[in-house]
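Given next are the chains, with one letter for each unit.
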Amino acid sequence: MATAALIDSAMRLEFDGGLDADNKPVMKYKNFAHVKTTSTPDQLEAVATALAGLQNYPLVGIRRNDSFAIQQ
């Protein structure tokens, strides 16, 4: 049976960049690599909220991307 081991985690902040010339929404992104794999969702939200206060655009989403090694 295969098992999965969490090896890395990253966080992506999504910002509302307004509208383009065709009135289509523009999204802006900030990526943060090497996030602690033991971080809880509440901890990531707290950090994202603090970082959002330093940005020019309003925060609209937070994503966590985990990488796993599959072992046989």
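Residues numbered from 1 in each chain as written. Predicted model: local features only at pLDDT ≥ 70, side-chain atom pairs only at ≥ 80, totals over all residues. Heavy atoms only, no water.

### Quick look at unusual backbone geometry
- Despite not being glycine, asparagine 23 has its phi angle at roughly 60°, a positive value.
- Considering the arrangement of structural elements, one finds asparagine 23 in the loop between strand 1 (3–19) and strand 2 (25–32).
- In this structure, histidine 34 takes a positive phi of about 60° despite not being glycine.
- Within the secondary structure layout, histidine 34 lies in the loop between strand 2 and helix 1 (41–52). (Helix = DSSP H or I, 4+ residues; strand = E, 2+ residues; numbered from the N terminus.)

### Looking at the UniProt feature "domain: DUF1659" (unreviewed entry) in the protein chain
- Within the UniProt annotation, "domain: DUF1659" (unreviewed entry) is assigned to residues 3–71.
- Helix makes up 17% of residues 3–71 and strand 55%. Its end C-alpha atoms lie 5 Å apart. (UniProt positions renumbered as here; feature names shortened; annotations may be inferred.)

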